[in-house]
Amino acid sequence: MTEHKAFEDLQEALLRLERARQRERQRVEESDAILAGLSDLVGAGTRDEVAAILERTLRALVGSEHCWLLEPSRKGLLCRLQDKRFPIGERFARVLEGDPLNAFNVAMIPEWRDVEHRDIVAALHLPIRLQGGRGMVILTSSRPAAFPPSAVELAQRVLPFVEQAMAKIEMIELERARELAEQRRLMELVLEYAPGAIWMLDREGRLLFANPRFYALLGARNAPSQAEAASGLATKLTQAEQACLARKAQVHMRLNLEDGRILDVVKVPLTDAQGEVTGLIGIAMDVSEQVRVEQEREEMERKLLHAQKLESLGVLAGGIAHDFNNILSAIMGHAEMARRRAAEGPAAMEMHYSRIVEAADRAANLCRQMLAYSGKGKFVVKSLDLSESVRAIADMLQVSLNKGVVLKLALHEPLPHIEADPSQLQQVVMNLITNANEAIGARSGIIALRTGIMRVDKAYLRHCAVVGDEAEPGGYVFLEVSDTGCGMDAETRARIFDPFYTTKSSGRGLGMSAVSGIVRGHRGALRVYSEPGQGTTIRVLFPALDFAPEAIGRADGEKSEQLSSEPTILVVDDEETLREMAAMILKDGGCTRVLTARDGLEALQLFEAHAKEIGCVLLDLTMPHMSGEEVFRRIRAIDPDARVIICSGYSESSIRDRFAGRGVNAFLQKPYMPQNLLDAVEKVLNGA
């Protein structure tokens, strides 16, 4: 008997232990569910997310079938997610005051009478504190007495965290509302004080919005007359506007009002979130004054151009008269002398006849030059290779150059042929080489002749000093003549093509005017790059026959779009010989625009003045007054994207350590070979 009793006690103890373990597992599971729900609640970003997470969490904890989060509204309590509204009666008022309601049958609760509650029997009503007032959480079930006290306790443990999540969301929404209000205020200010008229129409052309400037343009001072005043400009959709709406494309037009005012108008389709057109936005600016000023400027330019033409014509007539008077004087003098000596026989008159013929040849040559200037000279056009022609002419002129001048050729082969008159082309090359030789003078210098292929657009042609009437964008073969001479200032560059304009005491001023006429007659173009003390580069372009875009390669000097825009290279070195040598190497290698600076201060002045044109800076590290390191820092302060090559006699590794993390584009160690310098500049310009 005693053993049997002991066995029963043991069984009872084991059962109690198992029940305790089950309760513990249940508490762990409940805790895990609560923790999982709470972590999700903390990360919730919207009210709907909080409601969805709350329903999922409480379903796992207490077995509820639905969970509604009710927030205060004007007409009671609102569940946003399920779009359910409850009035606040006496019983719900007690819940909101803090007295939970565990209803076994919702049909007995007055507040449920007007709410669809099919399949809902029991409901647990719990109060919750929100920023906008008191709210409520309702858990529902299709089973009566579904929420025992333990379930109520579990649900209440979750609610404080729901309150925190909702408080966070409400703060975010409040801040967002403040931001939107501030944006709206700023937008209203912009619209109110905008110099242009701004309005909005719907698809039927009805005016939805207009700023004050809109009505001012229409002459409507007061708001009551706005609708009638607006109909004249905005609400009648023209055919162009209907097309704008149909194509979802903007319309730009210029309107001339009856009172003489001129409006620039832009109308843009207004679309909704799905991309459907709902109306249009119009913007109008009164440009009457700008148009008047532009017309006055064009008239002034026309008058100035006419005056310049008259001045050039006067200079041209005077120059021709002067030269022809000299020629006629020689002809008349020798003719008279031949007449007087006629009695002495033919031998006595031979010398005078020869002089008359020479004078006539000079007169004929003058006529040819004037025809070349006009672009109407007699051409004997042939298909020829520009590189071959330039090589033959350069070989012929080599012996006539000054002693210290070196002629260097960089001729691209093969080139597409061009159609040109060989004698006219020879005159162009001879004149350009002769001018370059005279610009260098008695000093040592380099004349570089380069040929190549390039693609030319309208923007490039607009910047050319000479453009033929029939010149069109496309493929061109070019001849480039560069020198290290004295260069030209802006005034000289503007007049070098005027006939009889010259800066040489012995010149007649017809060389470059003839070049201009020949280029125009060949449907070509000419571009000039020159600065005082920086030498001159003249690029002459002829239309290419059978142009193939893929033929543009490294040899033509147009390595990339960066290079085709003629970047300027700034060389900074306190050693004059090194500075001049670097500039000479760069120009010889095809860099037509090179600036030099003897110290850091001059370098910064040049960089500030030419920051947009400078494509690369070759910077010496060791200089007096201001170190290369300081110059580098100030250049990058002016332009953070400036490309800089550091040049120094120190080892590359030590220089790299000093400039680590500063974004130096390249390092060049002295002494260097010319090709090393050219390779470094090419890599930096091409972004390598």
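Bear in mind the structure is a predicted one, so any value in this text is a computation, not a measurement.

K.L.:
In this structure, what is going on with the overall build of the protein? I would like to understand it.
P.N.:
When its secondary structure is counted, the protein shows 20 helices and 24 strands. Partitioning the contacts of the protein with sequence separation of at least 6, the portion at a separation of at least 24 is 63%.

K.L.:
Can you help me understand the sheet that holds strand β16 (residues 466-467) in this one?
P.N.:
Whether parallel or antiparallel, the strands of a sheet pair through hydrogen bonds between backbone atoms. Taken in spatial order, the six strands make up an open sheet running β13-β15-β17-β19-β18-β16, and their pairing is mixed. If you trace the sheet from one side to the other, it starts and ends with β13 (405-410) and β16, each paired once.

K.L.:
How do you make sense of the pairing of strand β22 (residues 614-620) when you look at a structure like this?
P.N.:
The side chains of a regular strand alternate, first on one face of the sheet and then on the other. Most of β22 sits inside the fold, with seven of its seven residues counted as buried. Two strands pair when backbone bridges link them, and strand β20 (residues 568-572) and β22 are joined in this way by five bridges, in the parallel orientation. Counterpart to Leu570 in the pairing with β22 is Val617.

K.L.:
Looking at this structure, how should I read the packing of aromatic side chains?
P.N.:
For any pair of aromatic rings, the description consists of the separation of the ring centres together with the inter-plane angle of the planes. Under the defined criterion, the tally for this structure stands at six aromatic pairs. Measuring from ring centre to ring centre gives 5.7 Å for Phe86 and Phe92, while their planes differ by 35°; the resulting arrangement is tilted. Accessibility assignment for this pair places Phe86 and Phe92 in one class, buried. One aromatic cluster is present, built from ring pairs that chain together Trp68, Phe86, Phe92 and Trp112. The ring of Tyr460 carries the charged tip of Arg527 above its face, separated from the ring centre by 4.4 Å.

K.L.:
Quick question: what am I supposed to make of the packing of helix α11 (residues 422-440) against helix α14 (residues 511-521) here?
P.N.:
For any two helices packed against each other, the geometry is given by the interaxial angle and the distance between the axes. Two elements in contact, α11 and α14, have axes separated by 9 Å at closest approach and are oriented at 140°. Between α11 and α14, the crossing angle belongs to the class labelled oblique. Judged by the twist between their axes, the crossing of α11 over α14 is left-handed. Of the residues in α14, those touching α11 at Gln424, Gln427, Val428, Asn431, Leu432 and Asn435 are Gly511, Met512, Ala514, Val515 and Ile518.

K.L.:
What's the story with the confidence of the model for the protein in this structure? I'm lost.
P.N.:
Detailed reading of the predicted model is not advised wherever pLDDT is low. Of the residues in the protein, 80% reach a pLDDT of 70 or more, and the chain-wide mean stands at 78. Here helix α15 (residues 561-564) is the element of the protein with the lowest mean pLDDT, 35, and β20 is the one with the highest, 92. Predicted confidence for residues 221-232 stays below pLDDT 50, and this span has nine contacts to residues more than four positions away or in other chains.

K.L.:
What should I look at first to understand α11 in this one?
P.N.:
Spacing of three or four residues puts side chains on the same side of an α-helix, whose turn is 3.6 residues. The first and last C-alpha atoms of α11 sit 27 Å apart over 19 residues, in line with the 27 Å expected at 1.5 Å per residue. Every buried residue belonging to α11 is among Gln424, Leu425, Val428, Val429, Asn431, Leu432, Ile433, Ala436, Asn437 and Ile440, and all of these are buried. A positive backbone phi angle near 70° is found at Gly441, which sits one or two residues after α11.

K.L.:
Is there a simple way to think about the sheet that holds strand β4 (residues 101-103) in this case?
P.N.:
Pairing is antiparallel across the open sheet formed by six strands, whose spatial order is β3-β2-β1-β6-β5-β4. Of all the strands in the sheet, the pair left with one neighbour each is β3 (84-86) and β4. In this sheet, neighbouring strand axes are inclined to one another by 25° on average, regardless of whether the strands run parallel or antiparallel. Pairing analysis gives three bridges linking strand β2 (residues 76-79) to β3, with the strands arranged antiparallel. Counterpart to Leu77 in the pairing with β3 is Phe86. The strands that helix α2 (residues 47-62) touches are β1 (66-73) and β6 (133-141); relative to β1, the one it contacts most, it runs at about 140°. Lying on the sheet, helix α4 (residues 149-193) is in contact with β1, β4, β5 (122-130) and β6; it crosses β5 at an angle near 40°.

K.L.:
Is there a simple way to think about the pattern of salt bridges in this case?
P.N.:
Close approach of charged atoms allows side chains with opposite charge to pair. The tally for this structure, following the rule as stated, stands at 21 salt bridges. For Arg47, the salt bridge is made with Glu71, and the minimal N-O distance between the two is 2.1 Å. In this pair, Arg47 sits in helix α2 while Glu71 sits in strand β1, placing the two residues 24 residues apart along the sequence. Like Glu71, Arg47 is buried. Here Glu90 makes a salt bridge to Arg94, at a shortest N to O gap of 3.7 Å. One end of the pair is Glu90 and the other is Arg94, both in helix α3 (residues 90-96) and four residues apart, which spans about a single turn. Look at the salt bridges and you will find they share partners, linking Arg47, Glu71, Glu170 and Glu173 into a network.

K.L.:
Just to check I follow, could you spell out the pairing of strand β8 (residues 207-210) for this structure?
P.N.:
As paired elements, strand β7 (residues 197-202) and β8 share three bridges and run antiparallel to each other. Bridging from a neighbouring strand, Met200 pairs with Phe209 of β8. From the end of β7 to the start of β8, which pair antiparallel, there are four residues, and Gly205 there has a positive phi angle of about 90°.

K.L.:
How do you make sense of helix α17 (residues 600-609) when you look at a structure like this?
P.N.:
Those residues of α17 that sit buried are Gly600, Ala603, Leu604, Leu606 and Phe607. One side of α17 holds all its buried residues, which, seen down the axis, span an arc of 165°. Facing away from the buried side of α17 by over 90 degrees, the exposed positions are Gln605, Glu608 and Ala609. In this structure Asp599 caps α17, since a side-chain oxygen of it lies 3.2 Å from the backbone nitrogen of Leu601.

K.L.:
What exactly am I supposed to notice about unusual backbone geometry here?
P.N.:
Excluding glycine, a negative phi dihedral is what most residues carry, and trans is how most peptide bonds are arranged. Each neighbour pair has its own omega, and for Glu413 with Pro414 the value is -5°, a cis peptide bond. Relative to the helices and strands, Pro414 resides in the loop between β13 and β14 (418-420). Here the phi dihedral of Ala145 falls at roughly 50°; this positive angle occurs in a residue that is not glycine. Note on placement: Ala145 falls in the loop between β6 and α4. With relative accessibility at 47%, the residue Ala145 sits in the partly exposed group. Unusually for a residue other than glycine, Arg523 sits at a positive phi of about 60°. Within the fold, Arg523 resides in the loop between α14 and β18 (525-530).

Scoring rules and cut-offs
- Residues numbered from 1 in each chain as written.
- Predicted model: local features only at pLDDT ≥ 70, side-chain atom pairs only at ≥ 80, totals over all residues.
- Heavy atoms only, no water.
- Helix = DSSP H or I, 4+ residues; strand = E, 2+ residues; numbered from the N terminus.
- Contact = heavy atoms within 4.5 Å.
- Pairing = 2+ DSSP bridges.
- Buried < 20%, exposed > 50% of the residue type's maximum accessible area, 1.4 Å probe, protein only.
- Phe/Tyr/Trp six-rings, centres within 6.5 Å; stacked < 30°, edge-to-face > 60°.
- Lys NZ or Arg CZ within 6 Å of the ring centre and 35° of its normal.
- Axes fitted to C-alpha atoms, helices over the stretch in contact; angles between N-to-C directions.
- Parallel < 35°, antiparallel > 145°, perpendicular 65-115°, else oblique.
- Left-handed = near helix turned anticlockwise from the far one by under 90°.
- pLDDT = per-residue confidence, 0-100.
- Expected span 1.5 Å × (residues − 1).
- Salt bridge = Lys/Arg side-chain N within 4 Å of Asp/Glu carboxyl O.
- Arc of directions from axis to C-beta.
- Polar contact = N/O pair within 3.5 Å; in protein donor to acceptor, adjacent residues only side chain to side chain.

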